[in-house]
Amino acid sequence: FPQLKKLDQAVSAAHTFFVANPQHLQMREDIEKYRRMSGVKSDNFRDLEATPHWEAYEAGMQHYNADEYLQAAARLEESLTEALSALEECRALCEGPWEDEDEEEEDLQPGLYEAIAAHYIQVLKCRQQCVLDIATKPGRISAAEDFIPSHLDLLQFAYDQVGNQTLAAECAASYLLFYPTDEPMLEKMKQYRTELGEDTPVTARESIQHYVQRSLKEKKLIYYAVEHLGGTFNDPDLWTPDELIPENLKEKHREDQEKQKQETLDMEEREKRGPLPFEGIAVTMDSSQMNGTQRVVFDRVLTESECKDLLRLTKAAGEGYRARRSPHTPHERFEGLTVLKAVQLAQNGDVDWRDARLLLQASEKSRKIIESYFTPGKKLHFSFTHLVCRTAIDEQQEGRMDLSHPVHADNCLLDPEGQECWREPPAYVYRDYSGILYLNDDFQGGGLFFTEMDTVTVTAKVRPKCGRLVAFSSGKENPHGVWAVSRGRRCAVALWYTHSQEHAEQERVKAEELMEQRAVEEDWPDGEERQKTDHKGRSSLELPVRSGRARPTSQTHKPGSDRTQRPKLLRIRDEF
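Every value quoted in this text rests on a predicted model; they were computed, and no experiment measured them.

**Quick word on the confidence of the model for the chain**
No. 1: When pLDDT is averaged along the chain, the result is 82; 80% of the residues meet or exceed 70.
No. 2: When the elements of the chain are averaged for pLDDT, helix α11 (residues 267-270) gives the smallest value, 46, and strand β9 (residues 433-438) the largest, 98.
No. 3: Within the model, pLDDT remains below 50 along residues 102-108, and this stretch shows zero contacts once partners closer than five positions in the same chain are excluded.
No. 4: The low-confidence segment residues 542-564, where pLDDT is below 50, has 81 contacts with residues more than four positions distant or belonging to other chains.

Set out below in structure tokens:
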């Protein structure tokens, strides 16, 4: 479009892409460039794929987060109206020809009545899934949970804040249609009835009553069909009453619910810690000291000598370790070395075998520490291991305003404007825990920091130093970034771990095989823990090369939350 001199269309296209891909750095730079151009108007920044209800919802949330509750209520009301309208359009499209899901079973031709029943159930299932369609932001593939109930929750709070108790009570009564046993909302209803007087009727909105009653009738028919005619049904709603589900299907429903609870396990349970497997390691900061959850800082994981030996790997010459401009900022050079490349360099005689082995040992030691601290009894596999250095380009530091690595989360796509983090590709959704093992501190800047989901409010800072290991869960609870390296060279071992064996690091398997082959050639003991002390004082690592890993062969408001506070918002390869 710029080449065609259609600047307004270029801006709209760029903005549309950036809304769906907020972590795309090149597009971020293009957007900032367009904002500085004299011929560009603010109206040009339009999301061409925006739907009315999502546009209104995001505008409402901006007002809500700014404590502008009157404006927030107006836009959220607009969003709810548009969402219900979009829902009706989606439901109408479900009326169509029967799509046979079992086309391969040609011999099993249904009779007339069976065909009619199957077609009707297919239509009902399609209608039920429409709520996921309207709850999915354009450009995303994951739906926001409890999209309709969350509107009512937010509206109740907004109206309460502006003193409109009548509408607040109406929204509360509407919300209780979804979650009738929600104690905090029941308390609010009791308060509203007292303030409005017992003679003032408080009823749920007719549109919401119709929505809930119709949905429950459809669910009842679908579950009956699944129970007696077979098939499956993935209920899109969290609020479906348990008594609606047939007894013989409840077990699977409970399993699905338990799986979902496990994925969103409350942080108190996840904060249980196991004993550290090595002596001398100190927990310098835990989650409470870092103002978050699933965060920790360990010190003395490496000795000064071990840090120097690993830094020597970063100075390897030749094709294996070539500096390039950082993918995150034009003001730094970026260098990276994988465990397999380190071993291959050792094979070629470009680096010392002991240094390559030390990289394997140090990363394995870090894995054992993180596993024992966060997930005792549950295996963590390597997902990726990377020895990374960032070097400030001296002549490009003046007036610098960017970060060495923008704020992000490691297993989901962070959307600060929508206060969501979408766990979907291209994010590394299989990552469960992350770690950074620092090797030096003789540089300026380059510190790690954690933020709220807005990517602006800093909650914790970590200063790099030799032997310091920072570890944290990889999800939306831990957005983080790296301050600009303004002088010198910052080196660390970046580590990611997964509970999924199928996503275990393949390069590490090969690297360990090559290292074991080298051990056999030099008649090293195989498969034993041993300590080797040499003239460099290398003595803190007592691990064999093997990682013990078998070869490899994915915030919403919850009922019961405190209504005295704001209702929670909808939930939503980087190098450190």
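**Regarding the environment of Gln344**
No. 1: Inspection of the secondary structure puts Gln344 in helix α13 (residues 339-347).
No. 2: Taking relative accessible area as the criterion, Gln344 reaches 29% and is therefore assigned partly exposed.
No. 3: Taking the C-alpha atoms as reference points, Gln344 and Ala511, 167 residues apart in sequence, are found 8.1 Å from one another.

**Remarks on the packing of helix α12 (residues 304-313) against helix α14 (residues 353-374)**
No. 1: The interhelical angle for the contact between α12 and α14, taken along N-to-C directions, is 115°, at an axis separation of 9 Å. Crossing of α12 over α14 shows left-handed handedness. Residues Glu306, Asp309, Leu310, Arg312 and Leu313 of α12 form the contact with α14, whose participating residues are Asp355, Ala356, Leu358, Leu359 and Ala362.
No. 2: Per-class residue counts for the contact of α12 with α14 are six nonpolar, no polar and four charged.

**Quick look at the sheet that holds strand β14 (residues 480-482)**
No. 1: The four strands are arranged β6-β14-β11-β12 in an open sheet whose pairing can be described as antiparallel. Of all the strands in the sheet, just β6 (405-408) and β12 (458-462) have a single pairing partner and so form its edges. Adjacent strand axes in the sheet meet at a mean angle of 20°, parallel and antiparallel pairs treated alike.

**As for the pattern of salt bridges**
No. 1: Tallied over the full model, the rule gives 24 salt bridges.
No. 2: A salt bridge links Glu218 to Arg127, with the shortest nitrogen-to-oxygen separation between them at 3.9 Å. You can see Glu218 sitting in helix α9 (residues 206-229) and its partner Arg127 sitting in helix α5 (residues 112-134), a full 91 residues away along the chain. Of the two residues, Glu218 and Arg127, both sit in the buried class.
No. 3: Here Glu332 makes a salt bridge to Arg400, at a shortest N to O gap of 2.6 Å. Placement of Glu332 in strand β4 (residues 332-338) and of Arg400 in the loop between β5 (381-392) and β6 is noted, with a sequence separation of 68 residues between them.

**So, the packing of aromatic side chains**
No. 1: The full count for this structure, using the stated rule, is 18 aromatic pairs.
No. 2: Seen in terms of ring centroids, Tyr57 and Phe147 are 5.7 Å apart; in terms of plane orientation they differ by 55°. Their pairing is tilted. Here Tyr57 is found in helix α3 (residues 52-65), whereas its partner Phe147 is found in helix α6 (residues 147-161), with 90 residues between them in sequence.
No. 3: Among the aromatic residues, those joined into a ring-pair cluster are Phe298, Tyr373, Phe374 and Tyr433.
No. 4: Cation over ring: Lys365 sits above Phe278, and NZ or CZ is 5.1 Å from the ring centre.

Cut-off values and rules
Residues numbered from 1 in each chain as written. Predicted model: local features only at pLDDT ≥ 70, side-chain atom pairs only at ≥ 80, totals over all residues. Heavy atoms only, no water. pLDDT = per-residue confidence, 0-100. Helix = DSSP H or I, 4+ residues; strand = E, 2+ residues; numbered from the N terminus. Contact = heavy atoms within 4.5 Å. Buried < 20%, exposed > 50% of the residue type's maximum accessible area, 1.4 Å probe, protein only. Axes fitted to C-alpha atoms, helices over the stretch in contact; angles between N-to-C directions. Left-handed = near helix turned anticlockwise from the far one by under 90°. Nonpolar A, V, L, I, M, F, W, Y, C, P; charged D, E, K, R; others polar. Pairing = 2+ DSSP bridges. Salt bridge = Lys/Arg side-chain N within 4 Å of Asp/Glu carboxyl O. Phe/Tyr/Trp six-rings, centres within 6.5 Å; stacked < 30°, edge-to-face > 60°. Lys NZ or Arg CZ within 6 Å of the ring centre and 35° of its normal.

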